[in-house]
Amino acid sequence: MLAAAVVADGHNQALRLMPHFVQPQHNPNDHRPDKDRKQDCERNAAKRWLSAYTHQLRPLRPISLGAGFLFTCKPSAHRRLHELRHDGFTHSSGWVRIRNRKRQGELHCFRWMRGLPVRDGDDAVPGTWIEFQIRRGARRTCYNTFLTSLKVSAGNMAEIARLARARWKIESEAFNGLTCKGYYLKHNFGHGKDGLPNLLATVNLFAFALHTLLDGLRGLWRDCRNNAGTRRNFSNDLRRLSQRCWFPNWRSLLKEMLAVDGPRAGPPPTLA
């Protein structure tokens with residue numbers, strides 16, 4: 001399954017989008033036997049996804065990883081690029097220093113260099129290398145490097161660096177939440193015939209997206225989520241309480257979750 005997510009700097013939510021499944025596509029004009037048909041792959045699934053949904057996200061000015069690139073560039077993984085940088089392969093570079101208004105005494109420093117190739121080879125796509133560091137006096141508290149296909153300038157340097165640092169949310173807030181925080185997507189849906197695994201996975205993604213939407217609204221749901229602390233605690237409390245008590249609707253259940261500290265044992269409550 002190719003599962004897409006939208007993340008943004010300054011937000012701790014990841015919005016799940018419709019998936020595309022990596023499986024052979026049924027073409028009515030293809031009369032070859034099943035054994036002679038090519039298997040599907042993630043690249044083809046990504047092409048189908050972009051064709052189907054990119055127009056809906058265009059007003060948000062997204063960076064679609066795979067269509068463009070903005071990724072962490074570590075010396076261990078991109079040795080050639082760092083060698084070129086240290087060898088004086090400079091087309092245009094400069095330093096920008098921005099003082100953090102929220103944290104006095106903290107300085108954000110950026111350096112960029114255009115025209116560095118993504119990899120070895122004459123056909124390598126050129127990109128802009130970005131170096132980012134946070135300093136407090138003489139001490140460096142944060143350091144990272146990125147490579148991007150976006151147009152980089154002194155005016156948008158800080159914004160691009162924030163976007164690059166937000167990439168970890170795709171793994172932490174989206175995929176880690178689906179596999180480890182009460183959804184357990186990869187452990188449950190690997191068996192079944194025909195379309196059953198696809199159906200269960202889609203329903204799971206829909207639940208995650210709905211919960212993300214509810215987290216952004218004011219009301220009982222968000223109060224219960226904040227009271228539970230973590231998504232896993234909220235899911236466990238909701239499961240245990242609904243197993244022991246009967247509630248006529250969701251509002252009554254959420255009110256009961258706020259009224260007690262943790263799941264409530266004993267007979268079902270009397271509710272109007």
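Residues numbered from 1 in each chain as written. Predicted model: local features only at pLDDT ≥ 70, side-chain atom pairs only at ≥ 80, totals over all residues. Heavy atoms only, no water.

## Comments concerning the overall build of the protein
Thought 1: Of regular secondary structure, the protein possesses 9 helices and 7 strands.
Thought 2: Counting only residues that meet the buried cut, the protein has 34% of its 272 residues in that class.
Thought 3: In the protein, 47% of the contacts between residues at least 6 apart in sequence involve partners at least 24 apart.
Thought 4: Roughly 17800 Å² of accessible area belongs to the protein as shown, and the carbon and sulfur atoms make up 51% of that amount. (Helix = DSSP H or I, 4+ residues; strand = E, 2+ residues; numbered from the N terminus. Buried < 20%, exposed > 50% of the residue type's maximum accessible area, 1.4 Å probe, protein only. Contact = heavy atoms within 4.5 Å. Areas by Shrake-Rupley, 256 points an atom, 1.4 Å probe, with all protein chains shown as cover.)

## A short note on the nonpolar core
Thought 1: Counting 13 residues, the largest nonpolar core has Phe110, Ile130, Phe132, Val152 and Met157 as its most contacted members.
Thought 2: Those elements that provide at least two residues to this core are strand S5 (106-117), strand S6 (126-136) and helix H3 (157-165).
Thought 3: A per-element tally of this core places H3 first, with 5 residues.
Thought 4: Residues contacting Phe132, with those up to four places away along its chain left out, are His108, Cys109, Phe110, Cys142, Tyr143, Asn144, Phe146, Ala161 and Arg165.
Thought 5: Grouped together as the second largest cluster of nonpolar side chains are 12 residues, Trp221, Cys224, Ala228 and Met257 included. (Core = buried A, V, L, I, M, F, W, Y, C linked by side-chain atoms within 4.5 Å.)

## Things to note about the pattern of salt bridges
Thought 1: Taken as a whole and judged by the stated rule, the model has 5 salt bridges.
Thought 2: Across the salt bridge formed by Arg48 and Asp40, the nearest N and O atoms sit 2.8 Å from each other.
Thought 3: For Arg225, the salt bridge identified is with Asp215, shortest N-O distance 3.2 Å. With Arg225 in helix H7 (residues 220-228) and Asp215 in helix H6 (residues 196-215), this residue pair connects regions lying 10 residues apart in the sequence. With respect to class, Arg225 is no different from Asp215; both count as buried.
Thought 4: Through salt bridges with shared partners, one network takes in Asp215, Arg225 and Arg231. (Salt bridge = Lys/Arg side-chain N within 4 Å of Asp/Glu carboxyl O.)

## Side note on the side chain of Arg231
Thought 1: Its place among the elements puts Arg231 in helix H8 (residues 231-244).
Thought 2: Residue Arg231 is classed as buried on the basis of its relative accessible area, which comes to 16%.
Thought 3: Apart from residues lying up to four places away in sequence, Arg231 is in contact with Lys181, Tyr183, Phe208, His211, Thr212, Asp215 and Arg225.

## Some points on H3
Thought 1: For H3, the set of buried residues is Met157, Ala158, Ile160, Ala161 and Ala164. Viewed along the axis of H3, the buried residues span an arc of 165°, placing them on a single side of the element. (Arc of directions from axis to C-beta.)

## A few points about helix H1 (residues 42-57)
Thought 1: The largest bend along H1 reaches roughly 40° and is located at Ser51.
Thought 2: Along its buried surface, H1 packs onto strand S1 (5-6). (Bend = angle between axes of the 7 residues up to and from the residue.)

## Quick look at a nonpolar patch on the surface
Thought 1: On the surface, a nonpolar cluster with roughly 330 Å² of combined accessible area is contributed by Leu196, Leu199, Leu200 and Val203.
Thought 2: For Leu199, the position within the fold is in helix H6. (Patch = residues over 30% accessible without salt bridge, like charges linked within 9 Å, V, L, I, M, F, W, Y side chains within 5 Å.)

## Looking at the pairing of S6
Thought 1: Counting buried residues along S6, 8 of its 11 residues qualify, which places the element largely inside the surrounding structure.
Thought 2: For S5 and S6, the ladder comprises 11 bridges, and the chain directions are antiparallel. Note on S6: the bridge partner recorded for His108 is Ile134.
Thought 3: As paired elements, S6 and strand S7 (residues 139-148) share 9 bridges and run antiparallel to each other. (Pairing = 2+ DSSP bridges.)

## Details of the side chain of Asp40
Thought 1: Secondary-structure assignment places Asp40 in the loop between strand S2 (15-16) and H1.
Thought 2: Among the polar contacts made by the side chain of Asp40, one reaches the main-chain amide nitrogen of Gln23 at a distance of 3.1 Å.
Thought 3: In contact with Asp40, not counting residues within four places along its chain, are Phe21, Val22, Gln23, Pro24, Gln25, Ala45 and Arg48. (Polar contact = N/O pair within 3.5 Å; in protein donor to acceptor, adjacent residues only side chain to side chain.)

## Considering the packing of H6 against H7
Any two packed helices are characterised by the angle at which their axes cross and by the distance between the axes.
Thought 1: Put simply, H6 and H7 touch, their axes get as near as 8 Å, and they point 95° apart. Judged by the inter-axis angle, H6 sits roughly perpendicular to H7. Along the contact surface, H6 presents His211, Leu214 and Asp215, while H7 presents Trp221, Arg222 and Arg225.
Thought 2: Here the residues of the contact of H6 with H7 sort into 2 nonpolar, 1 polar and 3 charged. (Axes fitted to C-alpha atoms, helices over the stretch in contact; angles between N-to-C directions. Parallel < 35°, antiparallel > 145°, perpendicular 65-115°, else oblique. Nonpolar A, V, L, I, M, F, W, Y, C, P; charged D, E, K, R; others polar.)

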